[in-house]
There are 2 protein chains.
Amino acid sequence: MNLRQLAAHPGLSPTTVSRALNGYPEVGAATRARVAEAAHRHHYRPNTRAKGLATGRAMAIGHVIPTRSRHEIVNPIFADFISGAGERYAAAGYDLLLSVVPDADEARAYRDLKARGTVDGLIVHAPRAEDARIALLHEIGLPFVVHGRSTGAALPYSRVDVNNLRAFRRATEFLIDLGHRRIALVNGLEAMDFALRRRQGYLQALETRGIAADPALMTSGEMTETNGYRAGRAMLAAPDPPTAAVVSSIIMAIGLRRAAEERGLKLGRDVSVVTHDDDLSYLRNGEDDVPMFTATRSSVREAGRIAAEMLLERIRSPGQAPATRLLRAGLVLGQSTGPAPRGARSG
Amino acid sequence: MNLRQLAAHPGLSPTTVSRALNGYPEVGAATRARVAEAAHRHHYRPNTRAKGLATGRAMAIGHVIPTRSRHEIVNPIFADFISGAGERYAAAGYDLLLSVVPDADEARAYRDLKARGTVDGLIVHAPRAEDARIALLHEIGLPFVVHGRSTGAALPYSRVDVNNLRAFRRATEFLIDLGHRRIALVNGLEAMDFALRRRQGYLQALETRGIAADPALMTSGEMTETNGYRAGRAMLAAPDPPTAAVVSSIIMAIGLRRAAEERGLKLGRDVSVVTHDDDLSYLRNGEDDVPMFTATRSSVREAGRIAAEMLLERIRSPGQAPATRLLRAGLVLGQSTGPAPRGARSG
DNA sequence: GAGTCGGCCCAAAACGTTTTGAATGCGGCG
DNA sequence: CGCCGCATTCAAAACGTTTTGGGCCGACTC
């Protein structure tokens, strides 16, 4: 059903029908009603491409999710983040365009999206320190919002982020307060900015309390269950094992728990763990009674919603100064932490 | 950079440039080279919307992922499935459009996509038995491929699926062979077709071996860690607890393991578990040495790749008879299964 | 009663491509 | 020499919208 065909029915011109549907004032109330009725009856929807061509807007937001080419791991938080964002896009009449590209091709993907005019703006995922994409997007001239931060970026940018540094410092201090001295850090890939900042928070806490950081207790890698397990197995088998750990992802924490239990160690009694918890919908921590894990919690779905709103606002009124929304990850007490064992295994 | 602007540069008409770029034969070799060079130099990409308008094709595939409005859980397999599919779309020059809609609005979402001409085809996720969407899409006239099956659907349709019934029958038989008699089923939502068929497989195995099914041992729900935990906790606390379970998702299995360990029971010794394993990229079962879980394994990312290819083929040559690709989930031996305890706790 | 203004509507241009239909120039053939 | 066919190229229409620039008519002002 065309606009022309739709217009022919009540015997009007396409112009008038278009105006009636888009709420322009210069159309009579009676006609507007007739048009609305006809449109409804024929299930009329304006053709996206034609409308976009005429208005110059794509009414779509792009999410470029980079795939580290080696092992093709897709971060499980994407699903929840995108579902949060998608909800807001839908409400505003925007589509969501997903681009899964090997990270080597990422720059080209951005340029393409702009040149082809496919999207009106985009979300930048998994930023690194001094992330090159920020300069690139400024150059290209596409509105964007970063999920996370990029320390040292030369140009300003909008972002929604979690107070990673503070959260991890608090988590580490909490463990220290419980008497732990050998505390491991099981981190995400430290090429990522969020991981860097969590590490800083961890280090600051140790330093403030006069505990020397031990490189043997710090590990970093893709946030998979296997990597959590590996880290746990290696550290717990070492001569002077940690009595506690701060962990960057609940999935890694599950791997770590597996490694502990394999050695007959119980979380919260023999080994304490504080993990970051993105509040993934299929992996709720503490949906029943006491949470399994003590955690720094921040809903990534909520972050998606906020990022979407910020981006839509940037598109609506360009030229605004970049904004920052900081989500605070609260420390949630669970069963995975407890006082350091007396005369800890650390000897 | 326009087509017109691009054409002005080497002093050609838009027509010729368009033809040169799209590989039509009626353009001289020399001109074609000149055009290619100019296009490359100016990073020219044809405007998606204009191209789509002219050709009548959107060069985009839609994925409608329904959100059960109550708790907004997004199935964790979507990320991997979509990443597999997206890879193939990209290779074929297609975009991926994601629609996150409350399942009540799903029909309208499909009609909209068609009416607005936003996509050339789509993937149907999480089909139910006699799923209404199949008839709807036939009526609408959009090519589609179903991920899964819809038993009892009146009309034919293309699909890629796993042999759920056989896999779960085998898994159950395997446990029976190990001496287990009280075997639980921790299933996904049985509104979903895949869950129905897994249940059938489970029941068939019990029946064949002359074991009466016990409703108290069968549970069904959203595939979250919490639900796995709840099922495990309830069943293991019951008077006549199961010695084994078949589980529909590795995430539920992790919850089940947690419940078992809470009672001091060890998987593979006190309780045996066979779980389905979608080979999620961040939750690999058996990346190191022996798999944690004995599992029916089938890569959902691979399913995504195949579904994408089938759909693109359907779009390329319409009118083909619907096709079916059946992936076989092999039974992978892990540490979570062992012989039934002698004089099992079943008393 | 003439002129002006507002309300309502329409024809045509524009967005950036592809595709149709036709034009140009050139060599070869009769 | 005239015609034909071929290889190239181009102008214009088309895709389905929005937007620009009027046009018409009745009511109001003086």
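Residues numbered from 1 in each chain as written. Chains lettered and ligands numbered in written order. Predicted model: local features only at pLDDT ≥ 70, side-chain atom pairs only at ≥ 80, totals over all residues. Heavy atoms only, no water.

Asks: Where do I start with the packing of aromatic side chains in this structure?
Replies: Geometry of an aromatic ring pair is reported as the spacing of the ring centres plus the angle between the planes. The full count for this structure, using the stated rule, is zero aromatic pairs over all chains. Looking at Arg258 of chain A, its charged tip hangs above the ring of Tyr229 of chain A, at a distance of 3.9 Å from the centre. (Phe/Tyr/Trp six-rings, centres within 6.5 Å; stacked < 30°, edge-to-face > 60°. Lys NZ or Arg CZ within 6 Å of the ring centre and 35° of its normal.)

Asks: How should the pairing of strand β6 (residues 183-187) of chain B be read in this particular structure?
Replies: Walk down a regular strand and you will see the side chains alternate between the two sheet faces. All names here are of chain B. Within β6, five of the five residues are buried, which leaves it mostly tucked inside the rest of the structure. Going residue by residue along β6, you find Ile183, Leu185 and Asn187 tucked away on one face and Ala184 and Val186 tucked away on the opposite face as well. Note that β6 and strand β7 (residues 218-220) share three bridges and pair parallel. Of the residues in β7, the one forming a bridge with Asn187 is Ser220. For the crossover from β6 across helix α9 (residues 193-208) to β7, the handedness is right-handed. (Buried < 20%, exposed > 50% of the residue type's maximum accessible area, 1.4 Å probe, protein only. Helix = DSSP H or I, 4+ residues; strand = E, 2+ residues; numbered from the N terminus. Pairing = 2+ DSSP bridges. Right-handed = clockwise from strand over helix to strand, strands pointing away.)

Asks: When you look at the interface of chain A and chain B in this model, what are you seeing that I'm missing?
Replies: Interface size is often expressed as the accessible area that is lost when the parts come together. The interface of chain A with chain B comprises 53 residues on the first partner and 53 residues on the second. Counting the surface lost from both chain A and chain B, the interface buries some 5000 Å², and carbon and sulfur atoms represent 51% of this. Taken as a group, Arg49, Arg116 and Tyr282 of chain A account for 16% of the area that chain A buries against chain B, more than any other trio of residues on that side. On inspection of chain A and its partner chain B, the count reaches six salt bridges. Our count for the chain A to chain B interface comes out at 21 residue pairs in polar contact (both at pLDDT 80 or more). (Contact = heavy atoms within 4.5 Å. Buried area = accessible area lost by both parts, 1.4 Å probe. Salt bridge = Lys/Arg side-chain N within 4 Å of Asp/Glu carboxyl O. Polar contact = N/O pair within 3.5 Å; in protein donor to acceptor, adjacent residues only side chain to side chain.)

Asks: Explain the domain arrangement of chain A here, please?
Replies: You can read the domains of chain A as domain 1 (3-55), domain 2 (60-161 + 300-327) and domain 3 (164-298). Computed over C-alpha atoms only, the centres of domain 1 of chain A and domain 2 of chain A are separated by 34 Å. (Domains from an automatic or database assignment.)

Asks: Just to check I follow, could you spell out the protein's contact with DNA strand C for this structure?
Replies: Around DNA strand C, the surrounding shell holds 26 residues, and the nearest of these are Arg19 of chain A together with Leu3, Ser18, Arg19 and Tyr24 of chain B. When atoms of DNA strand C within 4 Å of the protein are split into backbone and base, the sugar-phosphate part holds 60%. Between DNA strand C and the protein, one listed contact pairs a base nitrogen with a side-chain N or O atom of Thr15 of chain A at 2.9 Å. Broken down by secondary-structure element, the contributors of at least two residues to the surface near DNA strand C are α2 (14-21) and α4 (48-55) of chain A together with α2 (14-21) and α4 (48-55) of chain B. Examining the composition of the surface near DNA strand C, we find that four residues originate from one element, α4 of chain B, more than from any other. In terms of residue class, the surface near DNA strand C is built from 10 nonpolar, 12 polar and four charged. (Near = heavy atom within 4 Å. Nonpolar A, V, L, I, M, F, W, Y, C, P; charged D, E, K, R; others polar.)

Asks: What is the right way to look at the relation of the copies chain A and chain B in this model?
Replies: For these two chain copies, the linking operation is a rotation about an axis paired with a shift along it. If you rotate chain A by 180° and push it 0.0 Å along the axis, it lands on chain B with an RMSD of 0.0 Å. These values place the two chain copies in the arrangement generated by a two-fold rotation axis. Take the interface residues of chain A: 100% of them recur as interface residues in chain B, which is what a same-surface contact looks like. (Least-squares fit on C-alpha atoms with pLDDT ≥ 70 in both.)

Asks: Explain the sheet that holds strand β1 (residues 60-67) of chain B to me, please; I cannot follow it from the model alone.
Replies: Sheet strands pair by backbone hydrogen bonding; their relative direction is either parallel or antiparallel. Taken in spatial order, the 12 strands make up an open sheet running β11(A)-β5(A)-β4(A)-β3(A)-β1(A)-β2(A)-β2(B)-β1(B)-β3(B)-β4(B)-β5(B)-β11(B), and their pairing is mixed. Whereas interior strands pair on both sides, the edge strands pair on one side only; in this sheet they are β11 (324-327) of chain A together with β11 (324-327) of chain B. The average undirected angle you get between the axes of adjacent strands in this sheet is 20°. Where helix α12 (residues 300-316) of chain B meets the sheet, it contacts β1, β3 (121-124), β4 (144-147), β5 (158-162) and β11 of chain B, and its direction lies at approximately 160° from that of β4 of chain B. (Axes fitted to C-alpha atoms, helices over the stretch in contact; angles between N-to-C directions.)

Asks: Help me understand the protein's contact with DNA strand D in this model?
Replies: As a structural note, the neighbourhood of DNA strand D is formed by 27 residues, with Leu3, Ser18, Arg19 and Tyr24 of chain A together with Glu26 of chain B the closest of them. Protein-adjacent atoms of DNA strand D, using a 4 Å cutoff, are sugar or phosphate at a proportion of 58%. A distance of 3.4 Å separates a base oxygen of DNA strand D from a polar side-chain atom of Thr15 of chain A. Elements with a minimum of two residues in the surface near DNA strand D: α2 and α4 of chain A together with α2 and α4 of chain B. With four residues, α4 of chain A is the largest single contributor of residues to the surface near DNA strand D. In terms of residue class, the surface near DNA strand D is built from 11 nonpolar, 12 polar and four charged.

Asks: When you look at the packing of helix α11 (residues 250-262) of chain A against helix α11 (residues 250-262) of chain B in this model, what are you seeing that I'm missing?
Replies: Pairs of packed helices are described in terms of their axes, by the angle between the two and the distance that separates them. Where α11 of chain A contacts α11 of chain B, the axes come no closer than 12 Å and their chain directions differ by 35°. Judged by the twist between their axes, the crossing of α11 of chain A over α11 of chain B is left-handed. In this structure, α11 of chain A uses Ile254, Arg257, Arg258 and Glu261 of chain A to contact α11 of chain B, whose residues at the interface are Ile254, Arg257, Arg258 and Glu261 of chain B. (Left-handed = near helix turned anticlockwise from the far one by under 90°.)

Asks: I'm lost on the layout of surface pockets in this one. Help?
Replies: The rolling of a water-molecule-sized probe over the atoms marks out the regions of remaining empty space. A volume near 1000 Å³ is recorded for the second largest pocket. In terms of lining residues, the second largest pocket is bounded by 36 residues, among which Tyr44, Arg45, Pro46 and Asn47 of chain A together with Ala115 of chain B are the most central. Put simply, the parts of the chain that give the lining of the second largest pocket at least two residues each are α2, α3 (29-41) and α4 of chain A together with α6 (106-115) of chain B. When grouped by side-chain class, the residues that make up the lining of the second largest pocket number 15 nonpolar, 11 polar and 10 charged. (1 Å grid on protein atoms, 1.4 Å probe; cavity = no way out; pocket = protein on both sides within 12 Å on 5 of 7 lines; lining within 4 Å. Points joined across faces, edges and corners; volume = space filled by probe spheres on them.)

Asks: I would appreciate a short explanation of α6 of chain B in the present structure.
Replies: Working note: α-helix, 3.6 residues per turn, so residues spaced by three or four point in the same direction. All names here are of chain B. All of the buried residues in α6 are Glu106, Ala109, Tyr110, Asp112 and Leu113. Buried residues of α6, viewed axially, fall in a sector of 160°; they line one side. Among the structural elements, β1, β2 (95-102), β3 and α7 (132-140) are those in contact with the buried residues of α6. Looking one or two residues beyond α6, the residue adopting positive phi is Gly117, at roughly 65°. (Arc of directions from axis to C-beta.)

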